[in-house]
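Report on the structure
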Amino acid sequence: MQKNSKHKQKEAKHGRKEAGRAEKTKSNTETKRMTSIARKIHMSWIGKKLGLYAGMDLLLFVLLFVGWIIDRELVRFGELRLDYMRTLAETQYLQNVTYVVTDESGRVLLRLALYPALQVIGTVVLVLLFFQVMGMIFSYGSESRKIRRILAPIDEIALKADELSKMTFTEEKYQQIEEAISSLQPEDAELISFGDADLQGIEAAMNNLLIRMRDSYRQQARFVNDASHELRTPIAVIQGYANMLARWGREDEKVLDESITAISHESEHMQHLVEQLLFLARGDSGRHKLTMENVSLNDMMREVYEESLMIDENHRYRCRMEDGEIIIRADAAMLKQAVRILVDNAAKYTENGEEILLGTGYTGDGHVYLLVQDAGIGMAEKDIAQMFERFYRADDARRFQGTGLGLSIAKWIIDKHHGHFEVLSRTQLGTRIRVIL
């Protein structure tokens, strides 16, 4: 028994040594890999710097040479004469090339031997290039360390990913994960807890996913409940009047007219509600495709203003536009639909004869905005935070007919245009909504 125990201890010790050796080998391999990548990046950077230095030195050589010639002419003539002829005296040897300046009659005014100047300037540029190369050699170590320091986070991520990909779990751990998932209920607020240090990363990832899934589940459940509630009323009204028609409508003409009017009104309300629900459902599923084009905001708001004057005779409309054209990239039909929703809301909650203001302009930091302002019932502070939620209606707004989906549709459209709302509202004073684009 003692021999077996000693034998097992030796095997365990040997296994730990092998695991440590494997871990060390893997670490060395990863280090070599990152070293190779850092070296390639560094050599590429050195090549680019050499090319840059060579180009700069060549440009310096040309500028110094041209500057020397100009200086010689200024010394000789006192000014730079553009009417003189300048040529290079061709010769078989570079040492004998001369720069010649002549007047209109061909008389030689200046003759310069170029080779000595080229030697001096070339020597200066080569010395400069030498010091540049030496600077690169001396800075090699510090640049290499800097590159490694920049790549260190990437190296750490790669090692962590490799560790996760090679992580092995026992059958017991897999069973533990399966049991924890099986015991969850969609409506519960409970999160997964394995109580195992090896599974902490998986536990955190799964709990984050659970939180998002439960939020989505609650939103969908609330959406279905609210939609059912909104549809229940018109269906009940239609059923009631249909029963009245079945009982007395054939003989009583008054009941017949009243029932037809009510059924027509409620069916229109249902159609409008269903269209709004379908719009939001298509938007959530990504089936709405925006057609972006150049749109004049002033022209669009002017159209809405003229349409409002024609449709709504119960309110006074005023239009205040920014001077000049305001052009943005937008889906004209969608953006106009969002503005119409805001205008319809303003008209619904504003007493007859009051003013509704439409406008465009620029914010203090240069962004474009659309404006819809009314003198209606306004909103309380707590309602402003929830006004864009689906089916949400403030207590004061419930006496007005509506579905509670219009502002949700407007928000979806503005979000797709990467804009946002600025809302200022006071109870019994009115509401100002600016759409910042």
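See the structure above.
Residues numbered from 1 in each chain as written. Predicted model: local features only at pLDDT ≥ 70, side-chain atom pairs only at ≥ 80, totals over all residues. Heavy atoms only, no water.

Considering the sheet that holds strand E10 (residues 430-436)
Operational definition: Any two strands between which DSSP finds at least two bridges are classified as paired. For helices the rule is a DSSP run of H or I covering at least 4 residues; for strands it is a run of E covering at least 2, with both sets numbered from the N terminus onward. Helix axes are fitted only over the stretch in contact, all axes being lines through C-alpha atoms; the angle between N-to-C directions runs from 0 to 180 degrees. Residues count as neighbours in contact if any of their non-hydrogen atoms are within 4.5 Å of one another.
Strand order across the open sheet formed by 5 strands is E5-E7-E8-E10-E9, with mixed pairing between neighbours. Of all strands in the sheet, those with a lone pairing partner are strand E5 (316-320) and strand E9 (420-426), marking the two edges. Across the sheet, the axes of successive neighbouring strands diverge by a mean angle of 10°, strand direction being ignored. Packing of helix H8 (residues 332-348) onto the sheet brings it into contact with E5, strand E7 (355-362), strand E8 (368-373), E9 and E10, and relative to E8 it is tilted by some 25°.

Observations regarding unusual backbone geometry
As a reminder, the rule being used: Burial classification: accessible surface area is computed with a 1.4 Å probe over protein chains only, and a residue below 20% of its type maximum counts as buried, one above 50% as exposed, and the rest as partly exposed.
Look at His418: it is not a glycine, yet its phi comes out positive at around 60°. Looking at the element boundaries, His418 is found in the loop between helix H10 (406-416) and E9. Its relative accessible area of 73% is what places His418 among the exposed residues. The backbone of Gln428 sits at a positive phi, close to 65°, despite the residue not being glycine. With respect to the element layout, Gln428 can be found in the loop between E9 and E10. Classification of Gln428 as exposed rests on a relative accessible area of 56%.

Topic: the packing of aromatic side chains
How two aromatic rings sit relative to each other is set out by the distance from centre to centre and by the angle between their planes. Here is the rule: In this scheme Phe, Tyr and Trp rings, the latter by its six-membered ring, pair at centre separations within 6.5 Å, and the angle between planes marks the pair as stacked below 30 degrees, edge-to-face above 60, and tilted otherwise. Charges are assigned to positions over rings by a cutoff of 6 Å between ring centre and Lys NZ or Arg CZ, combined with an angular limit of 35 degrees from the ring normal.
Evaluation of the coordinates by the stated rule reveals 4 aromatic pairs. For the pair Phe65 and Trp68, a centre-to-centre distance of 6.5 Å together with 25° between the ring planes defines the contact as stacked. Here Trp68 and Phe65 lie together in helix H1 (residues 2-77), a separation of 3 residues that amounts to about one turn. On the basis of relative accessible area, Trp68 is assigned to the partly exposed category, the value being 24%. When the ring of Phe388 is compared with that of Phe421, the centres are 4.5 Å apart and the planes differ by 35°; the resulting orientation is tilted. Placement of the pair is Phe388 in the loop between helix H9 (381-384) and H10 and Phe421 in strand E9, with a sequence separation of 33 residues. Here the two residues Phe388 and Phe421 agree in accessibility, since each one is buried. A cation sits over an aromatic face here: Arg434 above Tyr369, 4.6 Å from the ring centre.

Brief notes about helix H7 (residues 297-311)
Cut-off, in case you're wondering: By this rule the span expected of a helix is its residue count minus one, scaled by 1.5 Å. The arc in question is the one spanned by the directions pointing from the helix axis to the C-beta atoms.
A rise of 1.5 Å per residue sets the reference length of H7, with its 15 residues, at 21 Å; its end C-alpha atoms lie 21 Å apart and thus fit the reference within 8%. Buried within H7 we find Leu297, Asn298, Met300, Met301, Val304 and Ser308. One side of H7 holds all its buried residues, which, seen down the axis, span an arc of 165°. Check the buried side of H7 and you find it contacts strand E4 (293-296), E5, strand E6 (327-330), H8, E7 and E8.

Looking at a nonpolar patch on the surface
The cut-off we apply is this: Patch membership requires over 30% relative accessible area and the absence of a salt bridge. Like charges are linked within 9 Å, and nonpolar side chains (Val, Leu, Ile, Met, Phe, Trp, Tyr) within 5 Å. Accessible surface is estimated by sampling points in the Shrake-Rupley manner with a 1.4 Å probe; for residues, cover comes only from the protein chains shown. Salt bridge, as applied in this entry: a Lys or Arg side-chain nitrogen positioned within 4 Å of an Asp or Glu carboxyl oxygen.
A cluster of nonpolar side chains, namely Leu58, Val62, Val66, Ile70, Leu74, Leu80 and Leu82, defines an oily patch on the protein surface of about 630 Å² accessible area. Its location among the elements puts Leu80 in the loop between H1 and strand E1 (85-89). We classify Leu80 as partly exposed; its relative accessible area is 41%.

So, the nonpolar core
Heads up, the rule is: The term nonpolar core refers to a set of buried residues drawn from Ala, Val, Leu, Ile, Met, Phe, Trp, Tyr and Cys, joined through side-chain atoms within 4.5 Å.
In this structure, Leu297, Leu335, Leu370 and Phe421 are the most contacted members of the largest nonpolar core, which totals 43 residues. Elements with a minimum of two residues in this core: helix H6 (253-284), H7, E6, H8, E7, E8, H10 and E10. A per-element tally of this core places H8 first, with 9 residues. With residues near it in sequence (within four places) discarded, Leu335 still touches Leu297, Met300, Ile328, Ala330, Leu370, Ile413, Ile414 and Leu437.

Remarks on the packing of H7 against H8
What counts, and what does not: Any angle from 65 to 115 degrees is called roughly perpendicular, while one under 35 is roughly parallel, one over 145 is roughly antiparallel, and all others are oblique. Crossings are assigned a handedness: left-handed for a near helix turned anticlockwise from the far helix by less than a right angle, right-handed for a clockwise turn. Polar here means any residue other than Ala, Val, Leu, Ile, Met, Phe, Trp, Tyr, Cys and Pro, which are nonpolar, and Asp, Glu, Lys and Arg, which are charged; Gly is therefore polar.
Interaxial distance between H7 and H8 falls to 11 Å at its minimum, and their mutual angle equals 45°. The angle between H7 and H8 falls in the class oblique. Here the hand of the crossing between H7 and H8 comes out right-handed. Taken together, the residues of H8 that come into contact with H7 (itself represented by Leu297, Met300, Met301, Glu303, Val304, Glu307 and Ser308) are Ala332, Leu335, Lys336, Val339, Arg340 and Val343. The residue makeup of the contact of H7 with H8, split by class, is 8 nonpolar, 1 polar and 4 charged.

Some points on the pairing of strand E3 (residues 108-113)
In this structure, strand E2 (residues 98-102) lies alongside E3, joined through 5 bridges in antiparallel fashion. Among the inter-strand pairings, Val100 is bridged to a residue of E3, identified as Arg111. As consecutive antiparallel partners, E2 and E3 are separated by 5 residues, and within that stretch Gly106 has a phi angle of approximately 90°, a positive value.

Here we look at the sheet that holds E2
Consider a sheet: its strands pair through backbone hydrogen bonds, and that pairing is either parallel or antiparallel. An order of E1-E2-E3 is seen for the 3 strands of this open sheet, with the pairing classed as antiparallel. Edge strands, defined here as strands with exactly one partner in the open sheet, are E1 and E3. Taken pair by pair, the neighbouring strands of this sheet meet at an average axis angle of 20°, ignoring direction. As judged from the 5 bridges shared by E1 and E2, these two strands associate in the antiparallel manner. Note on E2: the bridge partner recorded for Thr87 is Val100.

Purely spatial values, then, with no claim about function.
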